Amino acid sequence: MTRLGKDFAPSTSDRPMVRAEGVHKSFGLAHVLKGIDLEVNPREVFCLIGPSGSGKSTFLRCINHLEKISAGRLSVDGSLVGYRQSGDKLYELKEKEVAAQRRDIGMVFQRFNLFPHMTALENIMEAPIQVKRESKAASRERAQRLMDRVGLGDKTSHYPAQLSGGQQQRVAIARALAMEPKLMLFDEPTSALDPELVGEVLDVMRDLAEDGMTMIVVTHEMGFAREVGDSLVFMDDGVVVESGHPREVLTNPQHERTQSFLSKVL
Amino acid sequence: MTDIVDKAPTPSVPPEQIKAIPVRHYGRWVAGAAVIAILVLIGVAFSNAKINYNIIPDYLTDDLILSGVWHTLYISVLAMLLGLVLGVILAVMRMSSNPVTSTVSWVYIWFFRGTPVLVQLLLWYNIALVFPVLNLGFYKDEMNQVMTPFLAALLGLGLNEAAYMSEIVRAGIQSVDEGQTEASHALGMTQSKTLRRVILPQAMRVIVPPTGNEYINMLKTSSLAYVVQFNELIKRATDVSSTSLAVVEMYFVASIWYLILTSVFSVGQYYLERRYARGSSHSLPPTPLQRLRKNVRLFASFRRPEVAR
C-alpha cells in the first residue's frame with residue numbers, strides 16, 4: 001500500500017465530534033433506540049458492537065440523518081444533526097442544509113453501494129464535482145491519488161462489477177474520503193466480504209486511523225476493535241450496555257449480557 | 001509445496017473423438033414439413049387473390065406516400081418525446097410524498113390509460129366545444145385556429161403515451177436499489193441530483209426495452225391520427241387509393257413502409273440498450289457491425305494467399 005501523505009486535515013478541536021444525549025428512535029411501534037448517551041472525541045476510533053437488531057446500525061444512520069431521531073439531541077462537531085435550534089424551538093433543516101451537513105460526514109456501507117454505471121474513478125469524482133463544484137481535473141487528480149492510497153491505482157477504469165468485494169469496498173472508502181470528511185462512519189464494512197478479503201479493507205481503515213481520522217465503526221471484527229479502537233460500546237436492545245477501552249471490555253466484560261455475547265463471538 | 005499424494009489415475013480407454021449415431025428426431029421433420037406446407041398454402045392464396053401486386057413497387061416512392069411516411073415519422077417522434085418528458089414528471093409526481101401531486105398523477109394515468117386513443121384524438125380535435133377561445137394572457141386566438149390536425153395528433157398521441165411511459169419510468173426507478181439513494185445522500189447530493197446522476201441512468205436499463213416497444217407501437221398507433229385529418233401514412237395511402245382505385249394495394253404499400261420504419265428503429269434500440277448496459281456485465285457481446293468487421297477481416301486474411309498468386 002502506498003502512503004502518499006494525508007488526504008485530510010485531522011481535527012484539532014477538543015470539543016466532541018459526536019455527542020448523543022438521550023437519543024430515541026422508533027419505526028412505527030418498534031422502539032429501536034431507547035436513550036443513547038455517548039461522546040466521540042476527535043481523532044478517536046469508536047467501535048460499536050452488539051447483536052443484530054440491537055440498534056447499532058440505526059444509531060450510525062442517525063448521525064448523518066439517513067434516519068430521523070424521535071427524541072433526544074444528536075450533534076456533530078457542535079451543530080445539531082438535521083435541526084437548527086433557536087431559543088427553545090427546533091426547526092427542521094431544509095433538504096439543501098441537510099445535504100451540506102452530510103458532505104462532511106463520510107459513510108461506508110455494508111453492501112458498498114458503489115454506482116454501478118460509473119467506473120471506479122468516476123465513482124470517486126462524482127460527489128466532488130456535483131456537490132463541491134470542483135473542476136474535473138482537480139477531482140480526477142485527487143481520485144487517482146485516493147485509488148493509489150487504497151492500493152487500487154491500476155483499477156481506475158474498472159466498473160464495480162469487475163472488482164472483487166474487497167476492492168469495491170476500498171473504492172467506496174476512497175469515494176467517501178474524496179469529500180474530505182471530518183468524520184467517517186463505517187456500517188459493518190466487512191460483513192459482506194469473503195473472509196480472505198476482510199484483511200485488505202481493515203488495512204485501509206487502520207491506515208486511516210493512524211492518520212488521525214475520527215471514525216465510528218459498527219463491526220463484528222473484534223480483532224480490529226481491540227487493535228485499532230480507542231473506545232468501544234456494546235449495545236443491546238436499543239441501549240448502551242457497557243462501554244470503555246476495547247481491551248478492557250473485550251477481555252474483562254463486566255455486564256452479564258456482554259459476557260454472553262462475547263463468549264459466542266470471540 | 002505439499003507432496004503429491006497420488007497421481008491421476010491413467011484412463012483405461014484412450015481419449016479419442018466419440019463417433020456415435022445421433023438420435024433421430026422424426027417428429028421435428030414432420031412438424032417442419034407441416035409448417036412449410038401451411039406457409040405455401042397461404043402464399044398461394046395471396047398470389048391468387050385479386051390484388052394487383054405489380055403496382056406496389058411504383059407507389060412505394062410516390063410523392064404523397066413519401067410525405068405520409070415523413071409525417072408518420074415526425075409525429076411519432078414528437079409524440080414519443082412529449083410522452084417521455086411528461087411520463088418522467090408523472091412518475092416522479094406519483095412517487096412523491098405530497099398527496100396532491102401523487103393523486104393527480106394517479107388520476108391522469110387512470111383517465112388516459114382507460115379511454116381509447118381514438119376518442120382522445122377526437123376530443124382534442126373538438127376541444128373548441130369546451131374552450132371556444134384560447135386565452136393565455138399574452139396570446140389569444142380562436143381555439144379552432146389553434147387546434148390544427150398536427151396539434152390534435154401531437155396532444156392526443158403524446159398525452160396518452162405519457163400515461164404508459166410514467167408507469168414504465170416508475171418501474172425503472174423502483175428497480176434501482178435503495179442503497180444507491182442512501183449512498184448519494186450520504187455524499188451530500190440532493191434528491192434531484194441523486195435522481196439525475198444516479199437513479200435515472202440506472203433506471204434506463206429497465207426503461208429502454210419497453211420504451212422501444214412503446215415507440216414501435218407509437219409508429220403504428222399514429223395511423224389513428226387520420227381521423228383528425230393529419231396527413232400521416234394511412235391518410236395519404238387512402239388519398240392515393242381514392243384516385244388510383246387500388247385500395248388494398250395502398251394498404252400493402254403503407255404496411256411495407258411501417259415494416260421498414262419499425263425494423264430501422266429496432267436496430268437503433270439494440271444500440272441504445274447496449275449503451276445503458278454499461279457496467280452491468282463483465283463483457284458485452286459484439287454488435288452486428290463489430291461482428292461484420294471481424295468477419296471481413298477474417299475473410300480478407302483467408303483471401304490474401306490467393307491474391308499473392
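Keep in mind it's a predicted model, so treat the numbers as computed, not measured.

A few points about the overall build of chain B
A count of helical and extended segments in chain B gives 12 helices and two strands. Counting from the amino terminus, helix and strand elements in chain B follow one another as α-α-α-α-α-β-β-α-α-α-α-α-α-α. Computed over the C-alpha atoms, the radius of gyration of chain B is 29 Å, more than 25% above the 19 Å expected from 2.2 N^0.38 for a compact globule of 309 residues. The C-alpha extent of chain B, read off along each of the three principal axes, is 95 × 70 × 50 Å. In chain B, which comprises 309 residues, the share counted as buried stands at 34%. In chain B, the share of contacts with a sequence separation of at least 24, taken over all contacts with a separation of at least 6, comes to 71%. Split by element, the accessible area of chain B, about 19900 Å² in all, is 65% carbon and sulfur.

Overview of the side chain of Gln-120 of chain B
Mapped onto the fold, Gln-120 of chain B is located in helix H5 (residues 117-125). Gln-120 of chain B has contacts with Phe-111, Phe-112, Thr-115, Gly-156 and Asn-160 of chain B, leaving out every residue within four places of it along the chain.

Observations regarding the sheet that holds strand E12 (residues 239-244) of chain A
Residues and elements named next belong to chain A. One open sheet accounts for six strands, arranged E8-E9-E10-E3-E11-E12; its pairing is mixed. In this open sheet, the two edge strands, each paired with only one partner strand, are strand E8 (105-108) and E12. Sheet twist, expressed as the average angle between the axes of neighbouring strands with direction ignored, equals 20°. Pairing geometry for strand E9 (residues 183-187) and strand E10 (residues 214-218), over five bridges, is parallel. For Asp-187, the partnering residue across the bridge sits in E10 and is Val-218.

Some details on the sheet that holds strand E1 (residues 18-27) of chain A
Residues and elements named next belong to chain A. Ordered by their spatial adjacency, four strands build an open sheet running E2-E1-E4-E5, and the pairing between neighbours is antiparallel. Taken across any chain shown, the strands that pair with only one partner, and hence form the sheet edges, are strand E2 (30-40) and strand E5 (79-80). Against the sheet, helix H1 (residues 56-63) engages E1, E2 and strand E4 (71-76), with an angle of about 65° to E2.

Points about the interface of chain B and chain A
Interface size, as often reported, equals the accessible area lost upon joining of the parts. Across the boundary between the two partners, chain B contributes 23 residues, which contact 28 residues of chain A. Both sides together, the interface formed by chain B and chain A hides about 2200 Å², and carbon and sulfur atoms give 56% of it. Taken together, chain B and chain A are joined by two salt bridges. With a closest N to O distance of 2.6 Å, Glu-126 of chain A and Arg-197 of chain B form a salt bridge. Linking chain B with chain A are seven residue pairs in polar contact (both at pLDDT 80 or more). The set of elements that each furnish at least two residues to the side of chain B that touches chain A consists of helix H8 (178-186) and helix H9 (191-221) of chain B. Here the side of chain B that touches chain A is composed, by residue class, of six nonpolar, 12 polar and five charged.

Quick look at the nonpolar core
In this structure, Val-18, Phe-59, Ile-63, Leu-74, Leu-183 and Ile-216 of chain A are the most contacted members of the largest nonpolar core, which totals 90 residues. A per-element tally of this core places helix H7 (residues 149-175) of chain B first, with 12 residues. Apart from the residues within four sequence positions on either side, Leu-74 of chain A is in contact with Val-18, Arg-19, Ala-20, Val-23, Phe-59, Cys-62, Ile-63, Ile-69, Ser-79, Leu-80 and Val-81 of chain A. With 47 residues, the next largest nonpolar core counts Met-147, Leu-163, Ala-178 and Val-249 of chain A among its residues.

Considerations on the environment of Ala-246 of chain B
Residue and element names in this part refer to chain B. Note on placement: Ala-246 falls in the loop between helix H10 (233-244) and helix H11 (247-276). Look at Ala-246 and you get buried, because its relative accessible area is 7%. Along the backbone, Ala-246 and Val-264 are 18 residues apart, and their C-alpha atoms lie at a distance of 27 Å. For Ala-246, the residues in contact, after removing those within four places along its chain, are Ile-55 and Ser-241.

A closer look at the side chain of Ser-184 of chain B
Along the chain, Ser-184 of chain B turns up in helix H8. The class of Ser-184 of chain B is buried, set by a relative accessible area of 0%. Among residues more than four places away in sequence, those in contact with Ser-184 of chain B are Phe-115 of chain A together with Met-189, Thr-194 and Val-198 of chain B.

Some remarks on the pattern of salt bridges
Residues and elements named next belong to chain A. Tallied over the entire structure, the rule returns 22 salt bridges over all chains. Ionic pairing is found between Glu-67 and Arg-61, a salt bridge with its closest N-O pair at 3.0 Å. Judged by its relative accessible area of 15%, Glu-67 falls in the buried class. Judged by its relative accessible area of 14%, Arg-61 falls in the buried class. Put simply, Lys-182 and Asp-104 hold a salt bridge, and the shortest N to O gap is 3.8 Å. In this pair, Lys-182 sits in the loop between helix H5 (165-177) and E9 while Asp-104 sits in the loop between helix H2 (95-103) and E8, placing the two residues 78 residues apart along the sequence. Under the relative-accessibility criterion, Lys-182 is labelled partly exposed at 27%. Here the salt bridges do not stand alone but share partners, grouping Arg-15, Asp-77, Asp-104 and Lys-182 into one network.

What to know about the confidence of the model for chain A
Of the residues in chain A, 96% reach a pLDDT of 70 or more, and the chain-wide mean stands at 92. For chain A, strand E6 (residues 83-86) of chain A is the element with the lowest average pLDDT, namely 90, and E9 of chain A is the one with the highest, namely 97.

Considerations on a positive patch on the surface
On the surface, a cluster of positive charge is made up of Arg-291, Arg-293, Lys-294 and Arg-297 of chain B. Checked against the element boundaries, Arg-297 of chain B lands in helix H12 (residues 288-308).

Let's talk about the pairing of E12 of chain A
All names here are of chain A. Note that strand E11 (residues 231-236) and E12 share five bridges and pair antiparallel. Paired with Asp-236 across the two strands is Val-239, which belongs to E12. The turn joining E11 and E12, which pair antiparallel and follow one another in sequence, is formed by two residues; a positive phi near 50° is taken by Asp-237.

Definitions and limits used
Residues numbered from 1 in each chain as written. Chains lettered and ligands numbered in written order. Predicted model: local features only at pLDDT ≥ 70, side-chain atom pairs only at ≥ 80, totals over all residues. Heavy atoms only, no water. Helix = DSSP H or I, 4+ residues; strand = E, 2+ residues; numbered from the N terminus. Rg over C-alpha atoms; globule rule 2.2 N^0.38 Å. Buried < 20%, exposed > 50% of the residue type's maximum accessible area, 1.4 Å probe, protein only. Contact = heavy atoms within 4.5 Å. Areas by Shrake-Rupley, 256 points an atom, 1.4 Å probe, with all protein chains shown as cover. Pairing = 2+ DSSP bridges. Axes fitted to C-alpha atoms, helices over the stretch in contact; angles between N-to-C directions. Buried area = accessible area lost by both parts, 1.4 Å probe. Salt bridge = Lys/Arg side-chain N within 4 Å of Asp/Glu carboxyl O. Polar contact = N/O pair within 3.5 Å; in protein donor to acceptor, adjacent residues only side chain to side chain. Nonpolar A, V, L, I, M, F, W, Y, C, P; charged D, E, K, R; others polar. Core = buried A, V, L, I, M, F, W, Y, C linked by side-chain atoms within 4.5 Å. pLDDT = per-residue confidence, 0-100. Patch = residues over 30% accessible without salt bridge, like charges linked within 9 Å, V, L, I, M, F, W, Y side chains within 5 Å. Lys, Arg positive; Asp, Glu negative; His and termini not counted. Charge placed at Lys NZ, Arg CZ, Asp CG, Glu CD.

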